[in-house]
Amino acid sequence: MKEAKMSAPMSIGDLLQADTQEDGTHRDDGLCVVGVFGKSNMQSGLPKESLINALADKNIFSLFGGPEDGGGADSHIQAFYNRDSQVLYLVLSSVCDSRQLLRACRALSAGTGHSDAHDFWKGLDKQHCLHLLYMFSVCHVLLLVHPNQTFDVSYDRLFRALDALRQKVLPLFRAAIKDCPVSKEWKVNCRPCPPRLLFVFQMNGSLKVSGSTSESGGNPDKPKKHSPRRRLQHALEDQIYRIFRKSRVLTNQSSNCLFTVPANQAFVYMVPTVEEDPVGALLGQLRSDCILKEHDSTVSISGPRRYQQIRSAARPSGFSRDSGSMSAGGQLTDCTLKEFLWQHIELVLTKKGFDDSVGRNPQPSHFELPTYSKWVQVASRLHQFLISTTDEEMVELTAKVQSQLKVLEGFLDADTKFSENRCQKALPLAHSAYQSNLPHNYTTTVHKNQLSQALRVYSQHARGVAFQRYALQLHEDCYKFWSNGHQLCEERSLSDQHCVHKFHLLPQPGEKPDMDRNPPILTHNSRGRSTSSCNCGRKQAPREDPFDIQAANYDFYQLLEEKCCAKLDRIEFPVFQPSTPDPAPASDQAQRLPCEASGSGEEGRAKEQSTAQSHTPGDTSLSLALSLGQSTDSLGPYGEGDGPEAQVPQKRPSLADRQPSTVEYLPGMMHSGCPKGLLPKFSSWSLVKLGPAKSYNCHTGLEQPGFLPGSSFLLPWDLVIRSRSEEDAGPSEALDGSSSWPAPNKTLVGKRGSTGGLGRSRRRDDMARVFVGFEYEDSRGRRFISSGPDKIVKVLGPGGAKDPATRVLNTDMPLYILSPSQGRGLKPHYAQLARLYVVVPDAPLEVTLHPQVQPGPPPCPLFHPEQMDLVLPPDGLWVLRFPFSYATDRGPCYPPKENQPLSNYKVLRGVLKATTANPPQ
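Predicted model only: the values in this text are computed from it and were never measured.

Draft legend 1. Highlighting the overall build of the protein chain. When you go through the protein chain residue by residue, the secondary structure sums to 21 helices and 28 strands. Looking at the protein chain as a whole, 44% of its 921 residues are labelled buried. Of the contacts formed within the protein chain by residues at least 6 apart in sequence, a portion of 74% connects residues at least 24 apart. Carbon and sulfur atoms form 51% of the exposed surface of the protein chain, whose accessible area is close to 46600 Å².

And the structure:
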């Protein structure tokens, strides 16, 4: 390689990829590789780079270090090849250096967690170990540079970790260099020789000793043989050798060791302290450069005298100062750093090798002095294998090396080892805390509560970087314990009670339950039972707590209908009629939000109230619409059309309303938020006729089971009708009858001799009485009729109920009220609105059903039957059964809890509307 190319250091990767151009005179010369690694302090100078300047007699690296280039914190190796001395210097920079450490700290963000930061530092440590292993595999001599004069015992653990890692990856090394043109010993041992490790320590100011001072121990006539610096070197050599022999890093056979130290040569050198005088240092550097130029002007000597020329070359001022150059009293002269190192390099260049084995039967170690080209081939293969994987053939071997890096954790990562031991001891305690007081099967809520308790116990004992990893393992262990036969079914019934079975699957149509399967095949069961009546109310039966709308509002009543209500007349509500063999439920995109549904329901309700008084133009009968929103200022709940202004034409239904879909069905129940044109597969409502109007006796009430005593009487609703023709009316009597009608609720209508606005000429058929009853039923099957939002019908004597029905018709009736018979527990029992009884007389009167139920607080939608504004035929006792449960496609509407107000659960006013029918022509 040309000298110009070697005038500046370069990275090891660039060196190995560069073209080798050797002169013919040096083609067969050997190459000695010297590696430099270690630690540096926060001083401005670079100790390892300054050593290379001293050894190469050239200002290769800047004296005060280069500017901050913003490079990364990764470890890297710089190479400098001195062709004259046939020495290749490799300098390792890692996180152990102050500059690299500063870059690593800058790379860490402020929000990095403790575990992530630990992984970051340990990743840099592993990278440093791989680079060190590379240098121990390609170098002859290694220099360990330390910034002070004390030995760092952490190197003992580092070298033991590198030795263990080398033994693990040695077969992989052999596979990587098997095709290189080197000797068999090199291929077997994967290194040119057992490298010799030398130690270079930097003396600090506290141990600065003058060169003319001699320590005589109180006797100045008897000077010491060695200078204080050399005696310190000898003491450190003994200390280092004992430590490495004790930990078996050094053994008798040098070929089995990671490195060797010479037995009869010095391997520790103390660099004297440099005066902290920048100006003086620059002057000395300038003087050194001048001396180098004088030597460069001479004719270069080649051959065997090259080494003598190098030894006689001038030395830089920073490392040429001898603290005890010639002490008084015949002290030995301290050698320079270059003389200290060259006595070892000379053994390599002269092919003598290192004979560092000790003991009774020392075995000679292999040694090879490669040429530059051969060394580059081996070093390039190992570089791709350990540091930069660019060859596809090396990918598999590199992956195997990465898997062996776990060997380093036991030696280098003491924090993780301690943390893992603490966390492993805390895990059984956390498991015990999780399993304490647990039922055999439990829900997700119980699992989360127990898991939080286990994590609390774990956090009291676990410490360190493994905390998060073992916390995740605790999560997994608790989840496995829960899911392995202890998980309770999470399905909740429509009454908000969870299933008591462990996790199971539902049986398919035609499939029988199977407890032996895993998971078992079972139907849901909350162990909740209640008593309910059939559609007409004449038969009661126990029922299971339902888990779906069809079982709650359809299947149970269908079973009872076969025993009771099958032969009764009824009005069927429209349901979905499929035209394809596989109909699909409507998509959720067409569904509106509940708040929008609630708003649209209120608008529709107001619109219906404004048009409820409409009748045909030729109809002169009185319009009686007894809902609160339909009353006028003068007549209260009884309103009448005043002329053409009140005649609002009826809006024609849209095409979607007239033609329901036969392809898609409504998955839930009909409510105000449903898209138009969709019908459910079954109706949750029922409207049956118990018999004619006379089948109800107002003196005895409803003769059905379950009613509380005296609470089975319907409320009377007296209506005024007009059956006479206009010719029978007096000339002074207006058609609207405003001068003769009494004020509402001011007089008893329909009795003979009553005083009020009725004239004596009125006939009895001007009056009609409708009976209305809102029936409530609790879970125990106890039933009663309500005469108001907070009142129960109670009839003690004959004559029936005295309270009129106008109160219940003009107000919002609650969907749930407290049952009059509470149990012994603290939990209240509610009775739910179950049926509406309507006795329609045989009179020219139209009674229209318009039920709307709001089973929850806003924005809950309004539920209604599939057909609104049903006109009840005359002369009948009709029973409208309300749904047992309410649900949309988004989920069920659960019954109220103890702390929820019942006023949010209601049936809106305007359930019944009454108008006079047209007289027959």
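Draft legend 2. Examining the side chain of Ser532 more closely. Mapped onto the elements, Ser532 comes out in strand 8 (residues 529-533). On the basis of relative accessibility, which here comes to 5%, the residue Ser532 falls in the buried class. Here Ser532 is in contact with Lys539, Gln540, Ala541, Arg543, Phe556, Glu777 and Phe884, once residues within four sequence places are set aside.

Draft legend 3. Structural view of the packing of helix 15 (residues 414-435) against helix 17 (residues 467-483). At a closest axis distance of 10 Å, the pairing of helix 15 and helix 17 adopts a crossing angle of 30°. With respect to helix 17, the axis of helix 15 lies roughly parallel. The crossing of helix 15 and helix 17 is right-handed. Residues Thr416, Ser419, Glu420, Cys423, Gln424, Leu427, Ala430, His431, Tyr434 and Gln435 of helix 15 form the contact with helix 17, whose participating residues are Phe467, Arg469, Tyr470, Gln473, Leu474, Asp477, Cys478, Phe481 and Trp482. Its residues placed into classes, the contact of helix 15 with helix 17 shows 10 nonpolar, six polar and three charged.

Draft legend 4. Geometry of the nonpolar core. Phe37, Leu90, Phe159, Phe199, Phe259 and Trp375 are the most contacted members of the largest nonpolar core, which has 96 residues in total. Sort the elements by how many residues they give to this core and helix 5 (residues 154-176) lands first, with 11 residues. Counting residues in hydrophobic clusters, the runner-up holds 78 residues, among them Ile549, Phe774, Val808 and Leu880.

Draft legend 5. Representation of the sheet that holds strand 21 (residues 845-849) in the model. The strand order across the open sheet built from three strands is 23-21-28, with neighbouring strands paired in antiparallel fashion. With partners counted over all chains shown, the strands left at the sheet margins are strand 23 (870-872) and strand 28 (912-916), one partner each. Across the sheet, the mean angle from the axis of one strand to that of its neighbour is 30°, orientation sign disregarded. Judged from the three bridges that link them, strand 21 and strand 23 form a sheet pairing that is antiparallel. Across the sheet, the residue bridging to Thr848 is Val871, located in strand 23.

Draft legend 6. The arrangement of the packing of aromatic side chains in detail. Under the definition given, this model contains 32 aromatic pairs. Residues Phe576 and Tyr665 carry aromatic rings whose centres are separated by 5.7 Å and whose planes lie at 50° to one another, so their mutual orientation is tilted. Linking Phe576 in the loop between strand 10 (569-570) and strand 11 (584-585) with Tyr665 in strand 12 (residues 664-665), this pair joins segments that are 89 residues apart in sequence. Assigned by exposure class, Phe576 and Tyr665 land together as buried. Put simply, the rings of Phe37, Phe136, Phe151, Tyr155, Phe159, Phe199, Phe201, Phe244, Phe259 and Phe267 touch in pairs and so form one group of aromatic residues. Over the aromatic face of Tyr665 sits the side chain of Lys681, whose NZ or CZ is 4.8 Å from the ring centroid.

Draft legend 7. Up close: the confidence of the model for the protein chain. Averaged over every residue, the pLDDT of the protein chain is 77; residues scoring 70 or more account for 75%. Overall, residues 297-331 carries pLDDT values under 50, and its contacts beyond four positions in sequence, including any with other chains, amount to 69 contacts. Counting contacts from residues 589-656, a segment whose pLDDT is below 50, to residues more than four positions away or on other chains yields 101 contacts.

Thresholds, definitions, all that
Residues numbered from 1 in each chain as written. Predicted model: local features only at pLDDT ≥ 70, side-chain atom pairs only at ≥ 80, totals over all residues. Heavy atoms only, no water. Helix = DSSP H or I, 4+ residues; strand = E, 2+ residues; numbered from the N terminus. Buried < 20%, exposed > 50% of the residue type's maximum accessible area, 1.4 Å probe, protein only. Contact = heavy atoms within 4.5 Å. Areas by Shrake-Rupley, 256 points an atom, 1.4 Å probe, with all protein chains shown as cover. Axes fitted to C-alpha atoms, helices over the stretch in contact; angles between N-to-C directions. Parallel < 35°, antiparallel > 145°, perpendicular 65-115°, else oblique. Left-handed = near helix turned anticlockwise from the far one by under 90°. Nonpolar A, V, L, I, M, F, W, Y, C, P; charged D, E, K, R; others polar. Core = buried A, V, L, I, M, F, W, Y, C linked by side-chain atoms within 4.5 Å. Pairing = 2+ DSSP bridges. Phe/Tyr/Trp six-rings, centres within 6.5 Å; stacked < 30°, edge-to-face > 60°. Lys NZ or Arg CZ within 6 Å of the ring centre and 35° of its normal. pLDDT = per-residue confidence, 0-100.

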